[in-house]
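Inside the fold
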Amino acid sequence: MRSLSHQAGLLPGLLGVFFLSLVLGATAGPARPWAQARSWAIQLENLDLQALAASPTDLLVTEYSLDGTAGSRFTRTQVQALQRKPDGGRRLVLAWVPVGLAARHRFYWGSDYVEGNPPWVGAAVPGWDGLYRVRYWDPEWIGTLVGSPESWVDQIVEAGFDGVVLDPADACAHFGDQGWKTAEEDMVALIGEVARHTRNGPAGRDFGVFVWRADTLINNPDFLRVVTGVIQDGTWYGLEEAGTPTPTEATETMEAQGRLARQAGVLVLNLDYTEDPEQIRLARARAQASGFLEYAAPEGLDRLTPVR
């Protein structure tokens, strides 16, 4: 899966009442113009703050630190610099947070961690050194993400990011295939807990919660009620190999899922892996027809490409 490769590229009952609390308990905060975004970009590796700030895009997805570790995480001043476009306008900046996979280089990893210790550490991912499945419903893992100043998302809020991109990295399908009957329900609960916690705190009720490759989660009304946006990658090009057309059946499925999200008022960011000008032109036209925001990028997401 494409999003799984991004995890390795950087290596050197919750469902209950939280939806109601989002409405009744959310704090006021600065309004973020999500609906006004007309362009977006993403870069997760080989980050250069000046190059990122020079992008003209309305929305940017990136890491929360220069190399993915807590020691080089962005300061509030650095995030504020990213939020200023070259023309002086406001840019929305999202931090990418893989929630379905864990990596040894991340701040939360202990030297004695192995599969099953702590309980949320799942099996190692074949072919990816230092990458592990995550039992994402485990309370300790949820606490690693939200709930204290040391938690990952709380660090992101403190730095002043406008939102997060939560990446399930096919965890629902993986554990569902293994017989975990509430795999999708538990992922929706985790996403909802991130939304509840951030929006009821200093980030404010407009804090963005985006989900990468939501897939069948889009069919869940509770999911659609809580997310700001979704990222679909490889809709038209690059699902199986960069620069090659995506199989028709997969394209039709993602187009339908994206339209369903749009009908629910969810922003759809579409990402194709191609640098071919004609493919980019066609993808932009198809995205515009469906109400998606299109961005074409190199497969490694290691540099920004011109926004045409």
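Only a predicted model underlies this, so the values are computations on that prediction, with no experimental measurement involved.

Among the 5 residues in strand β9 (residues 229-233), 5 count as buried, and that is most of the element. Judged by which residues are buried, β9 turns out to be covered on both faces: Gly 229, Ile 231 and Asp 233 on one side and Val 230 and Gln 232 on the other are all buried. Read as a crossover between parallel neighbours, the route from strand β8 (residues 208-212) over helix α9 (residues 221-226) to β9 is right-handed. Relative to strand β10 (residues 267-273), β9 is paired through 5 bridges, and the arrangement is parallel.

Moving on, we come to the sheet that holds strand β4 (residues 101-103). Strand order in this open sheet of 3 strands is β4-β6-β5, and the pairing throughout is antiparallel. In the strand order of this sheet, the two ends are held by β4 and β5 (121-124), each with one partner. With direction set aside, neighbouring strand axes in the sheet form an average angle of 40°. By the bridge criterion, 3 bridges tie β4 to strand β6 (residues 131-134) in an arrangement that is antiparallel. By the bridge assignment, Ala 102 is partnered in β6 with Tyr 132.

Of the residues in the protein, 90% reach a pLDDT of 70 or more, and the chain-wide mean stands at 91. Note that residues 7-25 has pLDDT below 50 and, in this model, 41 contacts with residues that lie over four places away or in other chains.

Compared with an ideal rise of 1.5 Å per residue, which puts 17 residues at 24 Å, helix α8 (residues 183-199) spans 24 Å between its outermost C-alpha atoms and is within 8% of the ideal. Among the 17 residues of α8, 13 are classified as buried, and the element is accordingly described as predominantly covered.

This next bit is on the environment of Asn 219. Along the chain, Asn 219 turns up in the loop between β8 and α9. What makes Asn 219 exposed here is its relative accessible area of 54%. Along the primary structure Asn 219 and Ala 261 are separated by 42 residues, whereas in three dimensions their C-alpha atoms are 8.8 Å apart.

The subject of this paragraph is unusual backbone geometry. Along the chain, Asn 117 connects to Pro 118 via a cis peptide bond; the corresponding omega equals -5°. Here Pro 118 is to be found in the loop between β4 and β5. Although it is not a glycine, Ala 169 adopts a positive phi angle of roughly 50°. Within the secondary structure, Ala 169 sits in the loop between β7 (163-167) and α7 (171-177). Even without being glycine, Arg 213 reaches a positive phi, approximately 50°.

What follows is about the side chain of Arg 32. Take Arg 32: it is sitting in the loop between α2 (18-24) and β1 (40-42). On the accessibility criterion, Arg 32 (11% relative accessible area) is buried. Of the polar contacts made by the side chain of Arg 32, one reaches the backbone oxygen of Ala 203; its length is 3.0 Å. Residues contacting Arg 32, with those up to four places away along its chain left out, are Leu 92, Phe 161, Asp 162, Ala 203, Asp 206 and Phe 207.

Glancing now at the packing of aromatic side chains. For any two aromatic rings, the description comes down to two numbers: the centre-to-centre distance and the angle of the planes. With the rule as written, the count across this model stands at 19 aromatic pairs. A centroid spacing of 5.9 Å and a plane angle of 80° characterise the contact between Tyr 108 and Trp 120, whose relative ring orientation is edge-to-face. A residue pair is termed long-range when its members are at least 10 positions apart, and Tyr 108 in the loop between β4 and β5 and Trp 120 in the loop between β4 and β5 qualify at 12 residues. Consider the rings of Tyr 113 and Trp 120, whose centres lie 5.8 Å apart with planes at 85°: the pair is edge-to-face. Counting every residue linked through ring pairs, the aromatic cluster contains Tyr 64, Phe 107, Tyr 108, Trp 109, Tyr 113, Trp 120, Tyr 132, Trp 141 and Trp 152.

Reading guide: rules and limits
Residues numbered from 1 in each chain as written. Predicted model: local features only at pLDDT ≥ 70, side-chain atom pairs only at ≥ 80, totals over all residues. Heavy atoms only, no water. Buried < 20%, exposed > 50% of the residue type's maximum accessible area, 1.4 Å probe, protein only. Helix = DSSP H or I, 4+ residues; strand = E, 2+ residues; numbered from the N terminus. Right-handed = clockwise from strand over helix to strand, strands pointing away. Pairing = 2+ DSSP bridges. Axes fitted to C-alpha atoms, helices over the stretch in contact; angles between N-to-C directions. pLDDT = per-residue confidence, 0-100. Contact = heavy atoms within 4.5 Å. Expected span 1.5 Å × (residues − 1). Polar contact = N/O pair within 3.5 Å; in protein donor to acceptor, adjacent residues only side chain to side chain. Phe/Tyr/Trp six-rings, centres within 6.5 Å; stacked < 30°, edge-to-face > 60°.

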